[in-house]
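Structural overview for review
The primary structure of each chain is shown beneath.
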Amino acid sequence: MQVRKNVLTLSIVAVLGMAGTAHAQDQTPAGQKAKDLDTVVVTGIRGAQEKSLDTKRDANARIEVVTAEDVGKLPAHNVADTLQRLPGVNISSSSADEGGFDEADRVSLRGTSPSLTQTLINGHTVGSADWFVLSQGSTVGRSVSYTLLPSELVRSVEVSKSSQAKLQDGGTTGSVNIITRKPLEFAKELTFEASVGAVRSDQAKETDPQLAALFNYRNEASTFGVMVQAFKQDRHLRREAQEFPGGWFQISPTSAPALAHPDLAGAWAPSLIGSTLFEQERKRTGGLVSLQFKPSDNLTLGLEGFSSKMDANNYNRNFMLWGGNFAGSQVPDAGYSVTDGVLSDVSYTVQPGTNYAVYDMIYREATAKSQYLTFDADWQISEDLRAQFQAGSTKGTGETARQFIAELVFKGAGKTGWTTHGTDAPTDWTLGGDLSPAGAEWGGTWGNQLVRAIDKDQWVSADFSRSFGGTLSSIDFGLRYSKHEREAQSPEGASPGDIWSALQGGATANYPGDFAQSIGGDFPRNLWYFTPDALKSAILGNSTWLSDNDGPTGRHNYGGEWKVAEKNMAAYIQANFIGDRWSGNVGLRYVDIKQDIDTYFADTVSPDVSSLFGAWDRRSFSNTRGRLLPSANLKFDLADKLVFRFAASQTQTLPDYSALGASSWGSDLDKTGGGGNPELKPVVSTNLDANLEWYFMPRGLLSIGAFSMNMKDYVAYGTETQMLFSELTHQLEAYQVSLPINADAKVSGLEFAYEQPLGDNFGINANYTYSNGSTSHTWADGSHSLLGNSKNTYNVGAYFENDTFGARVSYTYRSAFLIGLSSANPYYQNDFGTLAASLSYKVNDWMSVSFDALNLNNPTYKYYQTKTIPVAFYENGRQYYVNFRFKF
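Since the structure is predicted, the reported quantities are computational estimates derived from the model, not experimental observations.

Counting its secondary structure elements, the protein chain contains 7 helices and 47 strands. Against the globule reference of 29 Å for 888 residues, the protein chain gives a C-alpha radius of gyration of 28 Å, in line with a compact fold. Taken along the three principal axes of its C-alpha coordinates, the protein chain extends 90 × 60 × 50 Å. A total of 888 residues make up the protein chain; the buried ones form 58% of that total. Within the protein chain, residue pairs in contact and separated by at least 24 positions form 74% of the contacts whose partners lie at least 6 positions apart.

Here is the structure:
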């Protein structure tokens with residue numbers, strides 16, 4: 001740690017030393033853009049790329065920029081998909097255990113976890129919550145869901161890879177700032193834009209509307225303006241998969257199979273192998289209203305409000321071979337195989353009275369919301385002194401109001417078994433007997449429970465900039481105070497009655513005839529399921545809803561509840577310098593954070609509270625974290641077209657909310673459990689960054705860079721044995737519990753980027769990032785993998801554009817990376833690549849047509865525990881967007 005501090009101190013001293021010997025220059029002060037970008041009229045792919053490169057080149061810090069060529073016309077349909085085309089940026093499609101989808105939802109930098117990357121809108125936080133039930137309670141990070149942020153809102157996106165003291169703290173590896181349009185920046189007094197289109201999902205075989213509109217007014221004197229944006233966008237998803245819920249287990253040496261065949265002792269076998277059909281309809285509606293008022297030439301006032309809501313009802317059906325119910329106790333037939341410790345090829349003779357398959361049907365009514373309201377003032381107090389003030393609040397809510405669940409079991413007949421193919425292809429499995437509704441028996445229900453996540457933030461900030469006329473071009477200084485709360489709630493639910501009698505004979509439907517054909521494998525596909533209406537009707541008609549009911553027979557799930565409240569006071573000072581062909585800044589930011597954590601522990605037989613879900617002690621914790629965060633950035637113009645950058649900083653990110661606060665729980669199914677760790681320390685990273693950029697022609701760039709991040713108190717996950725309260729025996733029993741812990745980690749790597757026009761109409765771009773990350777923590781599989789770390793990421797693309805027609809194609813690849821834990825075992829997402837293309841045609845000055853195609857290669861997303869133990873195979877299909885845009 002001392003070595004890292006010395007390196008950082010020397011870097012900052014070097015900047016100050018250069019500042020003291022340089023000569024004053026009459027140039028644009030550092031921290032201000034050399035061009036008034038708001039006055040640049042940008043049209044088309046080429047103009048957007050040129051504007052992005054201009055912003056990147058003029059900046060003193062290490063940034064990447066994406067500029068929307070027009071409303072809703074980012075280089076990709078989704079903001080996160082757009083960012084993944086930048087060097088050093090990774091995306092993922094989920095935040096918890098919901099598996100891989102067709103749309104990017106999380107953004108991270110340089111092979112790290114999304115929680116270490118901060119996402120802002122116009123420089124402030126945005127409250128975020130998720131539609132998936134686990135992300136609403138037990139697995140809650142600090143990342144933002146991009147599914148609530150339509151591309152129509154975006155003017156530009158800036159990705160900061162090096163820190164500055166004036167930037168809001170919270171992003172260990174960097175930050176993403178989404179910048180919206182403002183009323184007074186429009187060229188015309190009246191502007192109206194609209195987009196009318198549709199999206200086609202080839203796997204869901206559904207076409208849905210996509211609508212967006214913008215109206216902007218500013219008066220002739222440009223002293224008042226109002227902008228109104230609205231959007232309504234629907235989309236159907238269908239995901240077809242083979243999943244292994246609950247992971248794999250090892251056959252006990254004392255079990256009947258191992259005693260009969262000693263080579264089976266310790267062999268891995270699947271707990272469950274599922275034929276999984278997931279369907280969802282997402283309905284996203286919302287808008288943004290922005291007002292600006294200039295009561296004088298030196299004062300601009302702004303008020304902005306944003307709201308986005310996504311209804312995300314979803315139905316997941318999973319017909320599963322229940323290996324965990326028989327493979328650990330039944331002796332297999334002769335001829336089985338054990339390969340690399342895995343029971344890879346096996347057959348069993350079905351025994352009467354044993355359940356060999358279980359079928360879960362889960363329909364969830366879910367929503368996710370995000371909103372914010374901000375007031376800001378920009379006051380040019382004098383020629384040399386500028387002040388900016390902002391106050392705002394934001395709230396995100398994710399809610400699963402009801403879960404309608406039926407679990408059926410099947411005895412089977414004849415033979416059952418499986419044959420694995422590692423992680424390259426799904427596992428073949430079969431089960432004989434009557435798998436129709438007539439062969440089903442009632443297995444039970446659960447989860448008819450309200451689950452809600454609330455994410456709130458309130459803040460006020462004051463930023464000042466004092467300009468000078470010499471080498472010290474300006475000083476920035478300011479204060480910021482925020483109060484953030486994240487809470488998980490599960491106060492009420494329904495007690496089930498005789499659901500099975502009502503459900504028998506209910507309406508059914510069938511899996512698609514081409515179910516999971518693209519992922520391959522030989523497993524049950526000709527399956528049926530109860531319709532959502534039949535499932536809802538049976539459960540609603542035979543359940544008793546209990547509102548906030550306490551006591552041993554109540555439905556208050558204390559184990560799903562917790563709260564983390566944080567107060568953050570920050571102050572900073574940053575000196576900006578400019579010299580002969582060089583510029584830079586150096587600064588300090590002090591952050592003081594107070595945390596209050598309320599949670600529940602299931603380690604007692606004399607509980608404070610209890611319900612049908614268990615018994616808990618209510619406990620509270622408080623932490624105080626204060627830290628000084630230094631930063632320095634240097635930029636050298638080695639030649640007219642050659643720029644060298646160097647940056648050094650320390651950054652800090654607090655642990656995930658659920659890592660701090662999640663209440664402890666235990667599963668009686670496999671005696672595993674989990675929970676939070678309120679005593680976790682913040683992740684503190686010492687960062688070094690260097691980059692050489694050659695702007696060899698307009699819209700042309702060749703760059704190479706290196707980066708290093710040494711993280712202290714990085715959050716990993718370990719396991720330990722704990723005595724927890726059992727719902728079955730009502731006493732303390734031993735569970736293997738997964739808990740977050742602090743460990744050291746490091747990431748180092750290289751970045752390459754290349755952009756070049758070919759003549760007036762063609763162009764190509766490519767980038768590659770190598771990221772080598774590791775942690776001092778040893779996972780259960782013996783690895784030292786870093787969450788989210790892909791060693792190799794690359795993007796290649798090409799475009800054509802003339803005055804009326806445009807075309808673009810791009811391919812993005814990401815190598816395998818660690819997702820998290822499945823029970824006590826780490827699991828990974830395998831490498832994948834996605835192909836996208838777009839076409840546009842300008843009919844006239846006020847109308848254009850565009851066509852976007854995503855996931856053209858229809859990738860199969862593969863997850864695994866080891867190279868011989870798969871976790872899931874997902875297929876999502878392709879999506880096609882057609883939009884007619886009108887601009888007046």
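Moving on from the model shown.
The next subject is the side chain of Arg155. You can see Arg155 is positioned in strand β5 (residues 154–160). Exposure remark for Arg155: the relative accessible area of 17% places this residue in the buried category. At a separation of 2.7 Å, a polar atom in the side chain of Arg155 contacts the side chain of Glu185.

For the rest of this paragraph, the subject is the pattern of salt bridges. If the charged atoms of two oppositely charged side chains come close together, the side chains can form a pair. Considering all chains together, one arrives at 43 salt bridges under this definition. As a salt-bridge pair, Asp102 and Arg235 come within 3.0 Å of each other at their nearest N and O atoms. Of this pair, Asp102 sits in the loop between β2 (89–92) and β3 (106–109) while Arg235 is found in strand β9 (residues 224–243), placing the two residues 133 residues apart along the sequence. Residue Asp102 is classed as buried on the basis of its relative accessible area, which comes to 6%. Taking the shortest distance from any N to any O, the salt bridge between Lys166 and Asp476 comes out at 3.8 Å. With Lys166 in the loop between β5 and β6 (174–180) and Asp476 in strand β23 (residues 472–489), this residue pair connects regions lying 310 residues apart in the sequence. For Lys166, a relative accessible area of 29% corresponds to the partly exposed category. Shared partners join several salt bridges into a network, and the residues in it are Lys56, Arg62, Glu64, Arg110, Lys161, Asp689 and Glu751.

Turning our attention to the side chain of Thr300. In this fold, Thr300 is placed in strand β13 (residues 299–311). Its relative accessible area of 17% is what places Thr300 among the buried residues. Setting aside residues no more than four positions away along its own chain, Thr300 makes contact with Gln292, Phe293, Lys294, Asp376, Ala377 and Asp378.

Scanning the model with the defined rule gives 11 cavities of 30 Å³ or more in all. One number sums up the size of the second largest cavity: a volume of about 280 Å³. Looking at the second largest cavity, it is lined by 31 residues, and the ones nearest its centre are Ser162, Ser163, Gly171, Ser649 and Thr651. Elements that contribute at least two residues to the lining of the second largest cavity include exactly β6, β31 (614–639), β32 (642–653) and β35 (683–697). Top contributing element to the lining of the second largest cavity by residue count: β32, with 6 residues. Taken together, the residues of the lining of the second largest cavity break down into 8 nonpolar, 18 polar and 5 charged.

This paragraph deals with the nonpolar core. The tendency in soluble globular proteins is for nonpolar side chains to be buried side by side. Of all hydrophobic cores here, the largest spans 52 residues; its most connected members are Tyr359, Met361, Leu408, Phe410, Trp418 and Leu535. With residues near it in sequence (within four places) discarded, Leu408 still touches Ala357, Val358, Tyr359, Met361, Ala440, Glu441, Trp442, Gly443, Trp500, Trp528 and Phe530.

The next thing to look at is the sheet that holds β6. Here 4 strands make up an open sheet; going across it, the order is β1-β5-β6-β4 and the pairing mixed. The open sheet has two edge strands with one neighbour each: β1 (63–67) and β4 (117–121). Direction aside, neighbouring strands of the sheet carry axes that sit 15 degrees apart on average. Where β1 meets β5, 5 bridges bridge the pair, whose relative direction is antiparallel. Opposite Thr67, over in β5, you have Ser156 as the bridge partner. Lying over the sheet, helix α2 (residues 44–58) contacts β1 and β5, oriented at roughly 155 degrees with respect to β1.

All chains considered together, the criterion is met by 41 aromatic pairs. When the ring of Trp442 is compared with that of Trp500, the centres are 5.6 Å apart and the planes differ by 20 degrees; the resulting orientation is stacked. Separated by 58 residues along the polypeptide, Trp442 in strand β21 (residues 441–444) and Trp500 in helix α5 (residues 499–503) bring together distant segments of the chain. Here the aromatic rings of Phe832 and Tyr861 are separated by 5.2 Å at their centres, their planes lie at 75 degrees, and the arrangement is edge-to-face. A residue pair is termed long-range when its members are at least 10 positions apart, and Phe832 in strand β43 (residues 832–844) and Tyr861 in strand β45 (residues 860–866) qualify at 29 residues. The exposure class of Phe832 is buried, given its relative accessible area of 9%. A relative accessible area of 6% places Tyr861 in the buried class. The ring of Phe278 has Arg239 sitting right over it, with the charged end atom 5.2 Å from the ring centre. The cationic tip of Arg317 hangs over the ring face of Tyr529; the distance from NZ or CZ to the ring centre is 4.4 Å.

So, about a nonpolar patch on the surface. On the surface, Leu190, Phe192, Phe215, Tyr217, Phe224, Val228, Val289, Phe293, Trp846 and Phe888 cluster together to form a nonpolar patch covering roughly 870 Å² of accessible area. Among the secondary structure elements, those contributing two or more residues to the nonpolar patch are β7 (190–201), β8 (206–218), β9 and β12 (273–296). For Val228, the location among the structural elements is in strand β9. Judged by relative accessible area, Val228 falls into the partly exposed class, the value being 36%.

Attention now moves to helix α6 (residues 532–540). Considered for burial, the residues of α6 that qualify are Ala534, Leu535, Ala538 and Ile539. Down the axis of α6, the buried set is contained in an arc of 120 degrees. They therefore lie on one face. Turned more than 90 degrees off the buried face of α6, the exposed positions are Asp533 and Ser537. Buried residues in α6 make contact with β14 (314–321), β17 (357–380), β18 (385–410), α5 and β27 (543–546).

Confidence in the prediction for the protein chain averages 90 pLDDT; 94% of positions are at 70 or higher. Taken together, the stretch residues 1–42 has pLDDT below 50 and engages in 73 contacts with residues farther than four places along the chain or on a different chain.

This part takes up unusual backbone geometry. Apart from glycine, the bulk of residues carry a negative phi angle, and the bulk of peptide bonds sit in the trans form. Positive phi is not limited to glycine here, since Arg110 has a value of about 55 degrees. One can find Arg110 in the loop between β3 and β4. Under the relative-accessibility criterion, Arg110 is labelled buried at 3%. The residue Asp340 is not glycine, and still its phi comes out positive at about 50 degrees. Along the chain, the position of Asp340 falls in the loop between β15 (337–339) and β16 (342–349). On the accessibility criterion, Asp340 (63% relative accessible area) is exposed.

Along the chain, Gln388 turns up in strand β18. For Gln388, a relative accessible area of 34% puts it in the partly exposed group. Discounting chain neighbours no more than four positions away, the residues touching Gln388 are Ala377, Asp378, Ser461, Ala462 and Asp463. In terms of polar contacts, Gln388 uses its side chain to reach the side chain of Asp378, at 3.5 Å.

Turning our eyes to something else, we now look at the pairing of strand β20 (residues 428–432). Alternating residues of β20 divide into Trp429 and Leu431, all buried, and Asp428, Thr430 and Gly432, none buried. Relative to β20, strand β19 (residues 413–419) runs antiparallel, the two being bridged by 5 bridges. For Gly417, the partnering residue across the bridge sits in β20 and is Thr430.

Cut-off values and rules
- Residues numbered from 1 in each chain as written.
- Predicted model: local features only at pLDDT ≥ 70, side-chain atom pairs only at ≥ 80, totals over all residues.
- Heavy atoms only, no water.
- Helix = DSSP H or I, 4+ residues; strand = E, 2+ residues; numbered from the N terminus.
- Rg over C-alpha atoms; globule rule 2.2 N^0.38 Å.
- Buried < 20%, exposed > 50% of the residue type's maximum accessible area, 1.4 Å probe, protein only.
- Contact = heavy atoms within 4.5 Å.
- Polar contact = N/O pair within 3.5 Å; in protein donor to acceptor, adjacent residues only side chain to side chain.
- Salt bridge = Lys/Arg side-chain N within 4 Å of Asp/Glu carboxyl O.
- 1 Å grid on protein atoms, 1.4 Å probe; cavity = no way out; pocket = protein on both sides within 12 Å on 5 of 7 lines; lining within 4 Å.
- Points joined across faces, edges and corners; volume = space filled by probe spheres on them.
- Nonpolar A, V, L, I, M, F, W, Y, C, P; charged D, E, K, R; others polar.
- Core = buried A, V, L, I, M, F, W, Y, C linked by side-chain atoms within 4.5 Å.
- Pairing = 2+ DSSP bridges.
- Axes fitted to C-alpha atoms, helices over the stretch in contact; angles between N-to-C directions.
- Phe/Tyr/Trp six-rings, centres within 6.5 Å; stacked < 30°, edge-to-face > 60°.
- Lys NZ or Arg CZ within 6 Å of the ring centre and 35° of its normal.
- Patch = residues over 30% accessible without salt bridge, like charges linked within 9 Å, V, L, I, M, F, W, Y side chains within 5 Å.
- Areas by Shrake-Rupley, 256 points an atom, 1.4 Å probe, with all protein chains shown as cover.
- Arc of directions from axis to C-beta.
- pLDDT = per-residue confidence, 0-100.

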